[in-house]
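Working through the structure, step by step
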Number of protein chains: 2
Amino acid sequence: MQNLRRIFKAVESYSRTVETKFGMTGPQLWALWELGRNSPLSLKDLAASMHLSPSTVVGVIDRLIAKDLVTREPDQADRRRVCLSLSTKGKELLDQAPNPAQDQLIKGLKSLNPGQLKTLSLSLESLVKTMAADKLEAPFFFAEE
Amino acid sequence: MQNLRRIFKAVESYSRTVETKFGMTGPQLWALWELGRNSPLSLKDLAASMHLSPSTVVGVIDRLIAKDLVTREPDQADRRRVCLSLSTKGKELLDQAPNPAQDQLIKGLKSLNPGQLKTLSLSLESLVKTMAADKLEAPFFFAEE
DNA sequence: GCTTTTTAATTTGCATACCTAATAATTTGG
DNA sequence: CCAAATTATTAGGTATGCAAATTAAAAAGC
């Protein structure tokens, strides 16, 4: 329990690290990641990938555009839509700002030997099963695996 | 990684469960828990235990008092301070609203046999060590173990 | 004792993240 | 061609969260 707690805390602290280090909030970097993975995106699709309402995401995107990290252009094919993409500046920032929490986790997992990894996997699987969390989707900080 | 992800997601969804089920936000229940553990508390001490600034916690407490879940009385010994405590209604709610995410985790851990539990513990310990998360404190949803 | 400093709580002002509902523009189905 | 669905946005609301200013009370210094 104590170790799980620590892992959670490490991930939780990720958000603050981002805010102080990269001058943007968690949701803003989250949106940036989604655009980095899959671009261009319509606002609706971006909102869906973030599990947020479109009206919420409009504000996030507005602030990213104000920072010159994202571009918003009308979609030629369907003029109801917009095309959201990373700007050059946004791509650069995304390169410099990996996913600290996830990187640390991956680093930690790599330090385990195959036997440990196996038992960890099995134990977690059993844990997850009992927690009935199977259906739930991945949160943003694991989005890229 | 997938299983860790699911556990995170389950805990993340806890907040929404609380909001819809108990009509209050995460920080509000968090404050309620702290008062349930250790009462009465001064505003400053409550803020410290939640790792938030006092000015933030004033608002949270205001809303809890408006819901008649918390009482705020001046401290007799030091009249600069206030004594924050659970109201009768607050105690009742806290009894009905355990910590779903944590309870699920505990339930999951109990389902493991001793050998699994041991290897899980060892694996997580190794993981934590590499993540250098040792120093970090427990987040609220693990505060009661 | 009296003044200065410190401490506690609050208020104010600001930015952000959320949501629902309403609106405008556009596409699609019939 | 027109009604219905879809897309983005705006409007209006609540809640977090902070720093800075304010008020009141206690503690410290002299």
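These remarks concern the structure in this document. All values reported here derive from a predicted model rather than from experimental measurement. (Residues numbered from 1 in each chain as written. Chains lettered and ligands numbered in written order. Predicted model: local features only at pLDDT ≥ 70, side-chain atom pairs only at ≥ 80, totals over all residues. Heavy atoms only, no water.)

**Let's talk about the protein's contact with DNA strand C**
- Surrounding DNA strand C, one finds 23 residues, the nearest of these being A:T25, A:S55, A:T56, A:R63 and B:K44.
- Each atom of DNA strand C within 4 Å of the protein was assigned to sugar, phosphate or base; sugar and phosphate come to 77%.
- With respect to DNA strand C, the side chain of A:S55 contributes an N or O atom lying 2.8 Å from a base oxygen.
- Between a phosphate oxygen of DNA strand C and a main-chain N or O atom of A:R79, the distance comes to 3.2 Å.
- Listing elements by their share of the surface near DNA strand C, those giving two or more residues are α2 (26-37) and α4 (54-66) of chain A together with α3 (43-50) and α4 (54-66) of chain B.
- Here the surface near DNA strand C gets four residues from one element, more than from any other, and that element is α4(A).
- Of the residues contributing to the surface near DNA strand C, the split by class is eight nonpolar, seven polar and eight charged. (Near = heavy atom within 4 Å. Polar contact = N/O pair within 3.5 Å; in protein donor to acceptor, adjacent residues only side chain to side chain. Helix = DSSP H or I, 4+ residues; strand = E, 2+ residues; numbered from the N terminus. Nonpolar A, V, L, I, M, F, W, Y, C, P; charged D, E, K, R; others polar.)

**Observations concerning the protein's contact with DNA strand D**
- As a structural note, the neighbourhood of DNA strand D is formed by 22 residues, with A:K44, B:T25, B:S53, B:T56 and B:R63 the closest of them.
- Each atom of DNA strand D within 4 Å of the protein was assigned to sugar, phosphate or base; sugar and phosphate come to 81%.
- Here A:L43 contributes a backbone N or O atom positioned 3.0 Å from a phosphate oxygen of DNA strand D.
- In the environment of DNA strand D, a phosphate oxygen lies 3.3 Å from a nitrogen or oxygen atom belonging to the side chain of A:R81.
- Secondary structure elements with two or more residues in the surface near DNA strand D: α3 (43-50) and α4 of chain A together with α2 (26-37) and α4 of chain B.
- If one sorts the elements of the surface near DNA strand D by residue count, α4(B) sits on top with four residues.
- Considering only residue class, the surface near DNA strand D consists of seven nonpolar, seven polar and eight charged.

**A few points about α4(A)**
Residues and elements named next belong to chain A.
- Here α4 contains 13 residues, and its C-alpha end-to-end distance of 18 Å stays within 8% of the 18 Å for a straight helix at 1.5 Å per residue.
- Of the positions making up α4, those classed as buried are V57, G59, V60, I61 and L64.
- Packing partners of the buried residues in α4 comprise α2, α3, β1 (70-74) and β2 (82-86).
- Residue D68 follows α4 closely and has a positive phi angle near 65°. (Expected span 1.5 Å × (residues − 1). Buried < 20%, exposed > 50% of the residue type's maximum accessible area, 1.4 Å probe, protein only. Contact = heavy atoms within 4.5 Å.)

**What to know about helix α5 (residues 88-96) of chain A**
Residues and elements named next belong to chain A.
- Regarding α5, the residues found buried are G90, L93 and L94. Each buried residue of α5 sits inside an arc of 100° when the element is viewed along its axis, so together they form one side. With respect to the buried face of α5, the exposed residues turned more than 90 degrees away are T88, D95 and Q96.
- Close packing links the buried residues of α5 with α2 and β2. (Arc of directions from axis to C-beta.)

**Examining the side chain of A:Q28**
All names here are of chain A.
- Tracing the sequence through the fold places Q28 in helix α2.
- A relative accessible area of 5% means that Q28 is categorised as buried.
- Those residues in contact with Q28 that lie beyond four places of it in its chain are V60, R63, L64 and K67.

**Comments concerning the pattern of salt bridges**
- Per the stated rule, a full pass over the model turns up nine salt bridges over all chains.
- A salt bridge links B:R37 to B:E34; the nearest nitrogen and oxygen atoms lie 3.0 Å apart. Here B:R37 pairs with B:E34, and both are found in helix α2, just three residues apart, close to one helical turn.
- Salt bridges linked by common partners bring A:D45, A:D78, A:R80 and A:R81 together as one network. (Salt bridge = Lys/Arg side-chain N within 4 Å of Asp/Glu carboxyl O.)

By themselves, these figures tell us nothing about what the structure is for.
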